[in-house]
Amino acid sequence: MVRAGALLMSVAMATVIAMFSGFLILMAYHFKQQESLLLSQKKLAANARSGIEWLLASTSAEASSQYVDLFGQGSDSVLLQQRYWGAYSLLSSTAMSAGAQVHQMALCGAALSADESTALYLADLGRPLHVCGNTRLQGTSYLPEAGIRHGYIQGRGYTGSSLLYGTSRRSQASLPPLQGKALEALHQYRYAAATMSAADLPDTLHHSFSDSTLVIDGGKNLRLGNVHWTGNLVIRADSLLVVGAGATLNQVLLIAGSIVLEPQVRGAFQAFASDSLVVKKGVALSYPSVLGLCRQRSYTFQPFVRVEEGASVKGFVFSWVAPAVVADLKTWIDLRPNSLVEGEVYAEGNAQLAGEVRGSVYCFRIVLRSPSASYENHLLDAVVDAKARSPLWVSHALMEKDGYKK
Amino acid sequence: MDALKFRLKAASLLETIIALLITLTVFGISAMVYVQLLRSGLRVQTLKASQRMSELADEMRSSQHWGTETFKEEGFIIEKTTAHYAQQPSLMQLELIAADEEGRVLASHRALILPRDP
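The shown structure was predicted, so the numbers you read here are calculated from the model rather than taken from an experiment.

What counts and what doesn't
- Residues numbered from 1 in each chain as written.
- Chains lettered and ligands numbered in written order.
- Predicted model: local features only at pLDDT ≥ 70, side-chain atom pairs only at ≥ 80, totals over all residues.
- Helix = DSSP H or I, 4+ residues; strand = E, 2+ residues; numbered from the N terminus.
- Rg over C-alpha atoms; globule rule 2.2 N^0.38 Å.
- Buried ≥ 20, exposed ≤ 12 C-beta atoms within 10 Å, placed from the backbone.
- Contact = placed C-beta atoms within 7 Å.
- Domains from an automatic or database assignment.
- Pairing = 2+ DSSP bridges.
- Axes fitted to C-alpha atoms, helices over the stretch in contact; angles between N-to-C directions.

Within chain A, the secondary structure is distributed over 2 helices and 29 strands. Taken over the C-alpha trace, chain A has a radius of gyration of 29 Å; the compact-globule value for 406 residues is 22 Å, which it surpasses by more than 25%. Across its three principal directions, the C-alpha atoms of chain A cover 130 × 45 × 35 Å. For chain A, with 406 residues in total, the buried portion stands at 42%. The contacts in chain A between residues at least 6 apart in sequence include a share of 51% that link residues at least 24 apart.

The structure is reproduced here in structure tokens:
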């Protein structure tokens, strides 16, 4: 007869050892899975990043969507998409493999070329530019054939030692055009079906650019009070949109007939109006902000952008009228004394430059309005300094250029 | 006194042999698992190599030093190759391969980099 005492003991020990071994096997499997996942994620992230570089290398700013097999082996596919986001381009790269995805996005504009230091581009309408008071033009200026002269307004002559602090070149009768397609894309948001009403939104909202754009309809008039909205949002009002001092907006697009930014508004957003855009005293908009006057239909009044004293904008201020629009009055950009724009100003119509621009001004005609008279192509105490802008500055994506460089 | 009367029964030879066989078999299997687990230590090297590849790619983006070379670093033999990307010649294609001392490939990394203006 075989006794089972030692056998029973050994089976018990074997069970414990087997359980321990099983635990080790499970642990090894878990680590291997995690490692594979990590390596796969790293590869996808690298591919998504390569996709962004691929888009940056292309010279087109137009909307596009395409699948690309990056390295020709069928295992590095990325979906590359590009669309306009206001005055900038939004790049999207999605790398995918076996159900996993890594998404990278970038907001991009145009890189300044190494020799690009345009301070002023004034269209050649056959009249010279007159400089008065403490006006300073620093950088390359594109001027009418009639040139630049000393001026004398309100008892004040020109105080500088040189009319220009930089080189002078000949301008054309029209300005370098803006990308109409980008601005038409903007126009579509105005009439697109609204995703939701402004009243339904929470006070604090971040909406990712990897999701579809939320178009928020504010009705006829909309006032944004204490809201904190960021991301992929288009906020529109049919008539008037007022941004109050308590509102914090970042990356969003505002579209309305008239837009008013009340004193002390802070943020980095793009506002596009068709009738008027007023930036009150003390407003400080960070980079990249855009204030645009876009006119798609005929008008009988004068659409305008006004940047009041003490307000500052880092980005782009422009006026644009669609080529088919017929109007007697030119659009009007009014930079008041002690206002500051760091970036670019593009006035397809008239502009009054009494503030400071650290960057470039493209202007069809300069009009200086005083209480008693208006002066054409006169600058009084205006500062336009192209060299005060960082050489690493990324400009908007609206200027049509050969070999657009992001 | 009752405790002293307890007598432990001895196992038979056959019982002992069977018990030893079972114990040795299970122990052998667990030893194999353990060795396998120890071998997975090589995966740490794989992860380290992969991480280093990513860092090198980032360094290349910053330094913009193109070229083809093989060098030894942190116990890895790293082969770096750069060439103009066939689909868009304005891009550079970077390929990094890390191997151990015995020549086993641990990790590789491919990336496209847009050169900055000088």
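The next thing to look at is the domain arrangement of chain B. Segmentation of chain B into domains returns domain 1 (11-39) and domain 2 (43-113). Computed from C-alpha coordinates alone, the two centres of domain 1 of chain B and domain 2 of chain B are separated by 46 Å.

Turning to the domain arrangement of chain A, a few remarks are in order. All names here are of chain A. Domain annotation for chain A reports domain 1 (7-108) and domain 2 (118-395). If you average the C-alpha positions of domain 1 and of domain 2, the two centres end up 42 Å apart. Counting residues at the interface gives 9 residues for domain 1, matched by 13 residues for domain 2. At the level of elements, strand 3 (88-97) and strand 4 (100-108) are the ones that each hand at least two residues to the side of domain 1 that touches domain 2.

A word on the sheet that holds strand 1 (residues 64-69) of chain A. Residues and elements named next belong to chain A. Taking strand neighbours across the sheet as the criterion, the 4 strands line up as 1-2-3-4 in an open arrangement whose pairing is antiparallel. Because the sheet does not close on itself, it has two edges, and the strands there are strand 1 and strand 4. On average, adjacent strands in this sheet sit at an angle of 15° to one another, irrespective of strand direction. The sheet strands contacting helix 1 (residues 5-57) are strand 1, strand 2 (77-85), strand 3 and strand 4, and the helix crosses strand 3 at an angle near 145°.

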